[in-house]
Structure formats: structure tokens, C-alpha cells
Amino acid sequence: MKQIDLILAGGDVLTMNEEFDIFSPGAVAVQEDEIVAVGTPDDVTARYNADEVVDCTGSAVIPGLINGHTHAPMTLLRGLADDLRLDVWLMGYMMPVEREFVQPDFCWLGTQLACAEMFRSGITCFGDMYYYEEAVADATAEAGMRAVCAQSILKFPTPDAASYDEGLRLAHDFVARWAGHKLIVPAIGPHAAYTATAGMLQQSKGLALEYDVPIHIHIAETEQEVKEQMEAHDMAVVPWIEQQGLLEAKVTAHHCVHLEEAELRIFQTRGAGIAHNPSSNLKLSSGFAPVAKMLRLGIPVAIGTDGAASNNDLDLVEEMRLAALLAKGITNDPTALPARQALAMATRLGAEALHIADRTGSLEAGKRADIAIVDLERLHLTPRFHRQSDSLYSLLVYSAKSSDVCHVLCDGRWVMRDQELLTLDVEDLRRRAAKVARRIDHFLMEREESVLSKLVAIGGVDRVETFEVQVKVHLQNEDGVEEMLEKEEIPVVRSSWRHQYDTYLLFGDLEKSRLRYREDEILDEDGDIEEIVYRLTLIGETKDREFDRSIVLSRSRFDAPATHSRRFYREYFQPVDEAQIHKDRRRYHIRYGGTDFAINLDRVTKPKLAGVFLEIKSRTWSAQDAERKAELMGELLGLFDVQQEVVKQEYVDLAKGQA
Ligand SMILES: [Zn+2]
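Report follows, based on the coordinates. (Residues numbered from 1 in each chain as written. Predicted model: local features only at pLDDT ≥ 70, side-chain atom pairs only at ≥ 80, totals over all residues. Heavy atoms only, no water.)

We now examine unusual backbone geometry. For the bond from Ser 24 to Pro 25, the omega torsion is 0°, close enough to zero to count as cis. For Pro 25, the position within the fold is in the loop between β3 (22-23) and β4 (27-31). The step from Lys 606 to Pro 607 runs through a cis peptide bond, and the omega angle for that step is -10°. Looking at where Pro 607 falls in the secondary structure, it is placed in the loop between β27 (595-606) and β28 (612-620). At Met 16, a residue that is not glycine, the phi angle is positive and equals roughly 55°. Mapped onto the secondary structure, Met 16 falls in the loop between β2 (12-14) and β3. The phi torsion at Ala 220 lies on the positive side, around 45°, for a residue other than glycine. (Helix = DSSP H or I, 4+ residues; strand = E, 2+ residues; numbered from the N terminus.)

By the definition in use, this model includes 3 cavities of 30 Å³ or more. One number sums up the size of the largest cavity: a volume of about 60 Å³. Residue lining of the largest cavity: Ile 62, Leu 65, Val 317, Met 320, Leu 343, Val 374, Leu 396, Ala 400, Lys 401 and Val 405, and that is the complete set. Of the residues contributing to the lining of the largest cavity, the split by class is 9 nonpolar, no polar and 1 charged. (1 Å grid on protein atoms, 1.4 Å probe; cavity = no way out; pocket = protein on both sides within 12 Å on 5 of 7 lines; lining within 4 Å. Points joined across faces, edges and corners; volume = space filled by probe spheres on them. Nonpolar A, V, L, I, M, F, W, Y, C, P; charged D, E, K, R; others polar.)

The contact between helix α4 (residues 133-143) and helix α5 (residues 164-178) brings their axes to 10 Å, and the two run at 25°. With respect to each other, α4 and α5 are oriented roughly parallel. Side by side, α4 and α5 meet where Glu 133, Glu 134, Ala 137, Asp 138 and Ala 141 of the first sit next to Phe 174, Arg 177 and Trp 178 of the second. A class-by-class count of the residues in the contact of α4 with α5 yields 4 nonpolar, no polar and 4 charged. (Axes fitted to C-alpha atoms, helices over the stretch in contact; angles between N-to-C directions. Parallel < 35°, antiparallel > 145°, perpendicular 65-115°, else oblique. Contact = heavy atoms within 4.5 Å.)

A few words now on the coordination of the zinc ion. Here the zinc ion is held by the protein donor atoms His 69 (NE2), His 71 (NE2), His 218 (NE2) and Asp 306 (OD), which lie 2.1 to 2.6 Å from it. Classification of the site at the zinc ion as irregular follows from its 4 donor atoms and the range of 82 to 173° in their angles at the metal. Spacing between the donor residues of the zinc ion along the chain follows H-x1-H-x146-H-x87-D. One end of the pair, His 71, is in the loop between β8 (65-70) and α2 (86-101); the other, Asp 306, is in the loop between β15 (301-303) and α12 (316-331), and 235 residues separate them in sequence. (Donors = N, O, S within 2.8 Å, 3.2 Å for Na, K, Ca; no water. Tetrahedral: all angles 85-135°; square planar, octahedral: opposite > 155°, others 65-115°.)

Further remarks concern the nonpolar core. One finds Phe 106, Ile 219, Ile 241 and Phe 267 to be the most contacted residues of the largest nonpolar core, which totals 145 residues. For this core, the leading source of residues is helix α3 (residues 104-120), giving 10 residues. Here Phe 267 is in contact with Val 238, Ile 241, Leu 247, Ala 253, Cys 256, Leu 259, Ala 272, Ile 274 and Ile 299, once residues within four sequence places are set aside. (Core = buried A, V, L, I, M, F, W, Y, C linked by side-chain atoms within 4.5 Å. Buried < 20%, exposed > 50% of the residue type's maximum accessible area, 1.4 Å probe, protein only.)

Scanning the model with the defined rule gives 12 aromatic pairs in all. Note on Phe 20 and Tyr 393: the rings are 6.3 Å apart at their centroids and 90° apart in plane angle, and the pair reads as edge-to-face. Of this pair, Phe 20 sits in the loop between β2 and β3 while Tyr 393 sits in helix α15 (residues 390-399), and the two are 373 residues apart along the sequence. There is no split in this pair, since Phe 20 and Tyr 393 are both buried. Ring geometry for Tyr 572 against Phe 573: centres 4.8 Å apart, planes inclined by 75°, an arrangement best described as edge-to-face. A residue is classified by how much of its surface remains accessible, and Tyr 572, at 1% relative accessible area, is buried. Every member of this aromatic cluster is reached through a ring pair, and the members are Tyr 93, Phe 507, Tyr 517, Tyr 534, Phe 568, Tyr 569, Tyr 572 and Phe 573. Geometry around Trp 414 places Arg 417 over its ring, the cationic atom sitting 4.1 Å from the centre. (Phe/Tyr/Trp six-rings, centres within 6.5 Å; stacked < 30°, edge-to-face > 60°. Lys NZ or Arg CZ within 6 Å of the ring centre and 35° of its normal.)

Looking now at the sheet that holds strand β7 (residues 59-63). One open sheet holds the 7 strands; their spatial order is β3-β2-β7-β16-β17-β18-β19, and the pairing between them is mixed. The strands lining the two open edges of the sheet, one partner per strand, are β3 and β19 (420-421). Pairing between β2 and β7: 2 bridges, direction parallel. Considered in β7, the bridge of Val 13 is made with Val 61. (Pairing = 2+ DSSP bridges.)

Two faces make up the sheet, and in a regular strand the side chains alternate between them. Inspection of the sheet shows strand β22 (residues 514-523) paired to strand β23 (residues 529-539) by 10 bridges, in the antiparallel sense. Counterpart to Arg 518 in the pairing with β23 is Arg 535. In sequence, β22 turns back onto β23 through a hairpin of 5 residues, with Gly 527 there showing a positive phi of about 85°.

With that settled, consider α3. For α3, spanning 17 residues, the distance from its first C-alpha to its last is 24 Å, which sits close to the expected 24 Å at 1.5 Å a residue. With 13 of its 17 residues buried, α3 lies for the most part within the structure. (Expected span 1.5 Å × (residues − 1).)

You can see Gln 500 is positioned in strand β21 (residues 492-506). By relative accessible area, Gln 500 is classed as buried at 1%. A distance of 3.1 Å separates the side chain of Gln 500 from the side chain of Asp 520, its partner in a polar contact. Contact partners of Gln 500, with chain neighbours within four places excluded, come to Arg 518, Glu 519, Asp 520, Ile 581, His 582, Lys 583 and Arg 585. (Polar contact = N/O pair within 3.5 Å; in protein donor to acceptor, adjacent residues only side chain to side chain.)

Before going further, it helps to spend a moment on the pattern of salt bridges. For the structure shown, the criterion picks out 42 salt bridges. Of the charged contacts in the structure, one is a salt bridge between Asp 82 and Lys 283, with a shortest N-O distance of 2.6 Å. Highlighted residues: Asp 82 in the loop between β8 and α2 and Lys 283 in helix α10 (residues 278-283), separated in sequence by 201 residues. We classify Lys 283 as partly exposed; its relative accessible area is 29%. With a closest N to O distance of 3.9 Å, Arg 430 and Glu 427 form a salt bridge. One end of the pair, Arg 430, and the other, Glu 427, are both in helix α16 (residues 426-447), 3 residues apart, so they sit about a helical turn from each other. We classify Arg 430 as exposed; its relative accessible area is 54%. On the basis of relative accessible area, Glu 427 is assigned to the partly exposed category, the value being 46%. Salt bridges here are not isolated pairs; linked through shared partners, they connect Asp 33, Arg 146, Lys 182, Arg 368, Asp 370 and Asp 411. (Salt bridge = Lys/Arg side-chain N within 4 Å of Asp/Glu carboxyl O.)

Inspection of every chain in the model, using the stated rule, returns 0 disulfides. Residue Cys 115 stays outside any disulfide, its sulfur separated by 8.7 Å from that of Cys 149, the closest cysteine. Here Cys 125 stays free of any disulfide, with the sulfur of Cys 410 as its closest cysteine sulfur at 7.7 Å. With relative accessibility at 0%, the residue Cys 125 sits in the buried group. (Disulfide = S-S within 2.5 Å.)

The structure is reproduced here in C-alpha cells:
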């Protein structure tokens with residue numbers, strides 16, 4: 001008789017091995033970090049004597065669940081901004097907050113919080129990708145949890161790397177330091193195909209092969225991404241990453257919502273795993289991953305929660321149920337993804353997808369002792385049927401809740417007993433998380449105080465103000481002005497013709513700012529579109545000073561190329577009102593009195609305003625200069641022989657007057 005550490009005796013043991021063996025009742029023998037035997041209680045107790053025997057009668061003994069994909073530190077961003085479109089959520093909120101707050105201590109705390117939450121739902125291993133992965137790995141190891149930790153690399157600056165070279169260097173140091181660790185499998189995380197360059201993927205692959213570590217990457221999460229990929233590389237995403245050699249490494253691809261069958265076949269032949277994230281895909285409205293098809297092709301598919309900011313929890317029991325239901329819903333087939341398969345995805349297949357099936361994912365001798373014990377004697381799990389063993393899978397996937405998990409063993413160590421976490425101080429974590437939340441709240445409240453600070457937060461503009469001297473005159477027609485511009489006294493340096501489509505986002509009386517989104521169709525002589533330019537201009541309290549003839553000095557204009565869509569700005573800034581102005585503009589750059597002026601002749605087509613508007617403007621930087629330019633403008637108005645009314649308002653006010 002051999003003396004060992006622990007026997008879990010009685011209870012239904014679901015091994016989740018390839019044969020789906022169930023011992024009912026069963027027993028699991030554990031010595032140090034390893035499972036040494038699984039079988040009937042008689043068989044196991046005949047061979048082993050244990051220091052500790054835990055009676056599991058009335059419970060299910062299952063492999064610790066595997067969360068295939070998450071961003072653990074994002075627990076600290078849970079519920080920060082929800083019910084938004086992906087780009088507004090990501091670029092409007094997540095990234096600015098991450099830029100400001102994501103530091104090693106943030107990642108460490110967020111990860112510990114995540115480990116606590118995951119242990120509670122029976123998870124003993126997770127696949128992670130974030131910044132400062134060093135801190136994530138450290139916090140996870142300290143919690144006694146297993147993880148595959150991928151250091152993110154992006155082609156843009158990130159909270160932990162100013163460039164992708166630096167990101168690669170970080171990833172290199174990280175895998176070198178953690179390779180061979182008992183609990184942590186370090187990995188390389190080129191974030192996604194659309195945030196990578198070809199060279200970056202090739203270098204990531206080289207690093208992964210050199211250290212024999214996995215690669216984690218987001219693939220085809222949204223339709224938009226797939227479309228842009230095609231436009232950029234004239235090739236679908238999976239063949240493209242294959243061309244960079246990425247699939248020579250052990251790859252885990254996250255999401256894979258919009259993949260063609262041919263792409264899935266490439267994954268299958270190259271041995272890549274997939275992490276399916278049902279809650280996140282639903283919440284961000286990304287689409288429905290063809291999970292049943294992936295499984296039919298024999299691809300190992302894990303179930304993931306994704307980060308807590310897009311889920312918003314790390315509950316894999318809930319996620320399993322959702323994966324099974326969703327697969328039935330989208331295939332119109334209630335036999336798709338049965339409960340047994342869903343539990344396999346959360347255990348053995350999950351381990352395969354993460355390329356760690358040699359050590360975890362099933363209850364088999366020789367694997368690490370990662371075990372969850374689920375209380376089956378709960379009201380919502382009553383009654384039980386014994387006719388078919390599959391009813392146990394149904395019970396666990398369709399009826400059980402994560403709160404039914406009562407004990408968890410990870411790498412042979414008790415991390416939760418009677419629902420009490422033994423390696424983590426929950427109260428302390430909660431207190432510290434609340435403190436971080438207060439700081440983030442404060443940061444966002446300050447940012448939301450003005451349109452300008454919100455604009456700066458998304459990298460919208462430089463903080464440089466411009467000043468302009470300008471006058472606008474309403475004329476019957478352009479004849480007089482055009483005639484004048486042909487004369488020698490006012491030499492035209494260059495001219496252009498364009499259609500301008502302006503959307504003004506208005507913020508009410510309290511805030512006098514206006515944000516103008518301008519689409520400029522620049523036309524050639526025949527009126528064909530030559531180029532389209534998008535600009536965003538923040539127009540603050542405009543009038544600073546008024547000279548004779550209603551010539552005004554205006555200020556507070558922040559101007560930059562518009563890098564997002566109009567829809568993005570609308571959803572991000574949430575204006576109280578909006579105005580649309582369309583016009584046909586002839587622009588002349590002239591020199592007069594040694595000074596440059598722009599002369600615009602505008603016909604406003606939406607809303608329909610009669611006549612034509614003459615606008616004269618010039619940039620200025622000092623009060624003295626403004627005065628001189630105002631004088632010259634007055635002279636110009638005289639030259640143009642303007643008898644018509646001088647307009648004091650902006651187009652947007654004129655338009656409102658019309659409405
Ligand atoms: Zn993700």
C-alpha cells in the first residue's frame with residue numbers, strides 16, 4: 001500500500017478523458033501536484049493510503065475548468081462603459097483609460113481579483129493576453145493558479161511599449177524568464193492581424209519556436225476587420241498569417257467569428273486551437289462563431305470569457321451553457337453542441353486549444369491535480385436521473401451555477417475549501433479595487449467636463465488654438481466678386497472648388513462648443529471628385545472682438561484630420577443636437593496689402609439659403625496683427641463694392657433660423 005497525500009472519494013467522477021469515462025461513485029488519488037490514480041473507490045483505496053481523505057458523496061468531481069481567453073487585469077475596468085459599439089467602447093473608453101492607468105501594479109491587482117473570481121467558478125487555468133504580462137504571471141503564480149500568459153505586441157504604442165520593437169523585446173524577456181515555470185506557460189501575444197505588421201508576425205513566430213511557447217492572437221472578431229483585411233492584403237486573414245509563418249508555432253486563435261470553412265481547414269491541418277467567447281461576441285454584437293463546424297473539423301475549441309470589461313464576468317459555468325445554447329440557436333439544430341461536448345470544451349479540448357493537454361484538462365493519472373468539486377445536492381439540481389450517465393453533463397451544463405462549486409484544487413494545492421478562498425484575501429482585493437475605481441471615475445469625470453478634453457482623450461487634436469479674422473456677407477450672386485477677382489489689384493495665388501458636407505454636433509447652451517465634422521469633396525475643373533478629406537474642428541466661444549463692418553476676431557478652433565467615422569463621433573460625444581450644412585464652395589487664395597487672405601464664395605444647398613455668401617478670412621496670432629488685417633478686410637469689402645447685408649452668425653445659426 002502506497003502512502004499518498006490525498007484521496008477524493010465517493011461522488012461522481014467525470015474524467016473528461018477521450019472515452020468520457022465516468023466513475024459513479026469514483027475516487028481520485030493525488031500525490032503532491034499529480035493525479036496518480038482515478039477509478040472506483042474500492043480500487044483506489046485498495047492501492048493507496050492517504051493522509052487526507054475527502055468524502056465527495058453528493059458531488060461531482062470534474063477537471064478544473066479552463067478559461068480559454070481573457071484579459072485578467074480588465075476586471076478593474078468591469079462595467080466602466082457598456083452598451084456601446086466596439087470602436088467607441090475601445091477607442092473612446094478602454095484605450096484612454098488604459099493609457100492613463102495600466103501599470104504593473106494595476107495588472108497585478110486586477111489579475112488577483114480575476115483569479116479569485118475564477119477559482120469561485122471552478123476555473124483552475126486560463127489563457128491571458130494583456131500588457132505587463134510579467135505582473136499578470138506573477139499575480140497568478142502567487143494565487144496558485146495555472147495560466148498561459150501572452151505578452152501583447154501591437155504595432156501601435158501600448159501602455160508598456162512605445163513601439164513594436166520594444167514590445168517584442170518585452171515578450172522575449174518575459175518568455176525567457178518564465179519558460180519552464182510550474183504554473184505559468186509564457187506565450188507571445190501579437191494582439192491581432194490588423195494590429196500587426198507582417199514582420200511583427202514573423203518575428204513573433206521566430207520567438208515562439210525558439211522557446212517552444214504558444215502564440216495567442218485575436219482572429220476575425222468582427223466583420224469590419226475581415227473586410228479591411230481583404231482590402232489591405234487582398235487575402236483572407238488565415239492564409240495571410242500562414243504566409244507569415246505564424247502557424248508553424250502553437251497558435252491559439254481567439255474569437256474566429258467570421259472565418260470561411262477553407263480557413264478553418266488551414267487551422268485544422270496546422271494544429272491551431274480556437275478560443276470561443278460567446279458572451280463577449282453577443283455583448284459586442286460581433287456575430288456568431290461557427291463552433292459546431294469547428295468541432296466537426298476536429299479543431300480543439302476552448303470556451304473563453306474574454307476580459308471582464310466585455311462580458312462582464314469570468315464565470316465559465318455560465319459561458320458553457322451559453323456556448324451550448326448559442327450553437328443550437330444559430331444552426332437551428334437542438335442536437336448541435338450537446339452538454340457533454342460543452343463540458344469537454346471547458347476542460348480537455350480547452351487544454352488542447354491552449355497546447356497544454358499534456359498536463360491538464362482531464363482527470364487522468366500523470367496529469368496535474370487541477371480539480372473542481374461541485375455540490376449536486378442543490379434545489380436547482382433536483383432530482384437526478386441515473387438511467388443515462390449523460391444526464392450528469394446536462395445537470396452541470398444546463399442547471400448548475402458557478403456558486404455550486406465548493407472546493408477547488410489547483411496543481412495539487414487546495415485553493416478553495418467550502419467556498420472559502422485560501423490563497424487570496426478577497427476583502428483586501430475588494431478594498432483596493434474600489435480605490436482604483438474611484439481614481440478612474442475621477443479621471444473620466446474630469447475628462448467629460450468639456451468637449452475639448454474628451455477630444456484630446458481620443459487623440460483627436462493637438463492642443464493648439466487658432467485665431468482668425470473673418471467677415472461674412474450675404475450677396476444676391478457672385479458676379480461682382482468674380483469680376484473683381486479677375487482684376488490685377490487682387491492677385492489670386494490659387495483656387496479650388498469643393499462640395500462641403502458639414503455636420504455640427506451641438507452641446508446646448510451651457511456648453512458653447514460646437515464640433516464640426518467636415519467631409520470635403522475636392523473637385524477638378526469638370527466637377528469630378530479628385531479627393532475626399534475629412535476634418536474635425538472644435539469651434540469654441542467664437543467671437544473675441546468685433547471691428548468695423550462686423551469683422552470679427554474669432555478664436556478657440558482646434559482642428560485635425562477626422563480619423564474616425566461621423567457615427568463614431570456622434571456616439572462618443574453624445575451631442576444634444578445636430579445640424580447639417582451642405583455647400584458648394586469656390587475658394588480663392590489671394591494676396592492683398594502684403595497679406596494672404598482666403599476668399600470663399602459659398603452656395604448653401606442644405607438647408608436651401610438664397611443667394612451666395614462671401615467670406616473673407618485670414619489667420620492671425622496677435623491682437624496687433626488682427627487689427628491690421630481687419631483694416632485690410634474693410635478695404636477689400638470696399639473694393640468688392642459690397643452693398644449687401646453683413647452676416648453676423650455662423651451657417652449653423654442661419655440654418656437653425658430656417659428650420
Ligand atoms: Zn480578447
